[in-house]
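Geometric and topological summary
Residues per chain, in single letters:
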Amino acid sequence: MTKLHPAFVQDNVAVVTGAASGIGLAAARKFAGFGMSVVLVDLDGEKLSNAQSEIAQISDGGEAQIVAIPTDVSKLDELEALERAVIQRFGRVHVLMNNAGVQPGSAIFGPQANWDKIFGVNLMGVVNGSRVFGSGMLAHGEQGLIINTGSKQGITTPPGDPAYNVSKAGVKAFTEALQHELRNTPNSKIFAHLLIPGFVFTGLTANGRTEKPSGAWTSEQTVDFMVDSIGNGDFYILCPDGDVDRRTDEKRILWAANDIVQNRPPLSRWHDDYSDDFKSFLNS
């Protein structure tokens, strides 16, 4: 049986961004099930209000333990106000899950607004969220976690949505640096983890579909895998799904890294001159 990380205990406090739906909502459910106080963070609206009501119903402490705080994570001042409100309400934070993400689509020479929105939420929401909450988490001296949601697209960077890829590549690099900083901070009991979801059926990936594709995982499966992986001490939480197993993910990641080592063209996996070589490598 997987050991549960000591931050996931009754009466500890979790802050989850992007908590109105998808992986964030599933995480809020999971944390509330541990008896934790949970702060649900998302843009203001009916979805956030409904999420708060749902989680309060399954929490032993009800509305006393579950609070929703509307916040635009792309705005530093709103994150700072969020941190003040959480500390005033609960005193300290043990689990910070920087999960909010958007994917409006982008092109190299496409609209600037799409790039700004993706970078503001996906990258700076994670960077600033970690920086705003991290100092206080270190100061209270108790076990804690900062979980940042990345993406396989930030590692293998497939063509099609460059702003999203760049933002998630930045989350990977930042979270690696964050964990290095934390493990070299004297007396630190805070650990960072990079969540790398597979194909998960959420509002971000549904593309108009109402039924989950057979190959997709649910948000709940992803969060269960995340909690187990953290209990195992994994920094990189590389999630499989119904279509792609870990071996395939590892092969794709190795191929991408070897573009540099072998001086191949970038994104050679999608290059006509290398497609057969990639297929052979994948099946070797």
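So, here is what we can say about the structure in this document. Each chain carries its own residue numbering, running from 1 in the direction its sequence is written. The model is predicted, so local features are restricted to residues of pLDDT at least 70 and side-chain atom pairs to those at 80 or more, both for listing and for counting; the totals for chains, interfaces and linings are taken over all residues. Side-chain calculation: all heavy atoms of the structure are included, whereas hydrogens and water are not.

1. Observations concerning the pairing of strand β6 (residues 190–196)
Sheet faces and side chains relate simply in a regular strand, where the side chains alternate between the two faces. Filter applied, for reference: Buried means the residue's accessible area, taken with a 1.4 Å probe over protein chains only, is under 20% of the maximum for its type, while exposed means over 50%, and partly exposed covers the values in between. What counts as a helix is a DSSP run of H or I of at least four residues, what counts as a strand is a run of E of at least two, and both are numbered from the N terminus. What makes two strands pair is DSSP finding at least two bridges between them.
Burial within β6 is extensive, with six of its seven residues counted as buried. Where strand β5 (residues 144–149) and β6 come together, six bridges link them in parallel fashion. Bridge assignment links G144 to a residue of β6, and that residue is I190. Where β6 and strand β7 (residues 236–238) come together, three bridges link them in parallel fashion.

2. Digging into the nonpolar core
A general feature of soluble globular proteins is that nonpolar side chains tend to end up buried together. Put simply, the rule reads: What is meant by a nonpolar core is a set of buried Ala, Val, Leu, Ile, Met, Phe, Trp, Tyr and Cys residues, joined one to another through side-chain atoms within 4.5 Å. Two residues form a contact once any of their heavy atoms are found within 4.5 Å.
Residues V15, V39, L82, V86, F133 and M137 are the most contacted members of the largest nonpolar core, which totals 36 residues. Secondary-structure elements contributing two or more residues to this core are β1 (13–17), β2 (37–42), β3 (66–70), α3 (76–90), α4 (112–140), α6 (162–183) and β6. A per-element tally of this core places α4 first, with nine residues. Those residues in contact with L82, other than ones at most four positions away along the chain, are V39, V41, I69, T71 and F133. Core analysis: the next-biggest nonpolar cluster, separate from the first, contains 35 residues, A27, A51, M97 and V227 among them.

3. Brief notes about the sheet that holds β7
Rules: Only C-alpha atoms enter the line fits that serve as axes; for helices the fit covers just the stretch in contact. Angles between N-to-C directions range over 0 to 180 degrees.
In space, the seven strands of this open sheet follow the order β3-β2-β1-β4-β5-β6-β7, with parallel pairing throughout. The two strands at the open ends of the sheet, each matched to only one other strand, are β3 and β7. Here the strands of the sheet are splayed against their neighbours by 15° on average, with no regard to which way each runs. When β1 meets strand β4 (residues 95–98), the two strands line up parallel, connected through three bridges. Bridge pairing in β4 places V15 opposite L96.

4. Here's the deal with unusual backbone geometry
In the Ramachandran plot, D11 falls in the positive-phi region, its phi being about 75° despite a non-glycine side chain. Mapped onto the elements of the fold, D11 is located in the segment before β1.

5. Thoughts on the packing of aromatic side chains
Applied cut-off: Ring pairs are drawn from Phe, Tyr and Trp, using the six-membered ring of Trp, whenever the two centres fall within 6.5 Å, and their geometry is named by plane angle: stacked under 30 degrees, edge-to-face over 60, tilted for the rest.
Across all of its chains, the model carries seven aromatic pairs by this definition. Where F8 meets F31, the ring centres are 5.4 Å apart and the plane angle is 20°; that geometry is what we call stacked. Taken together, the positions of F8 in the segment before β1 and F31 in helix α1 (residues 22–33) put the pair 23 residues apart, joining distant regions of the chain. Here the two residues F8 and F31 agree in accessibility, since each one is buried.

Note that all results are geometric; they support no functional claim without further evidence.
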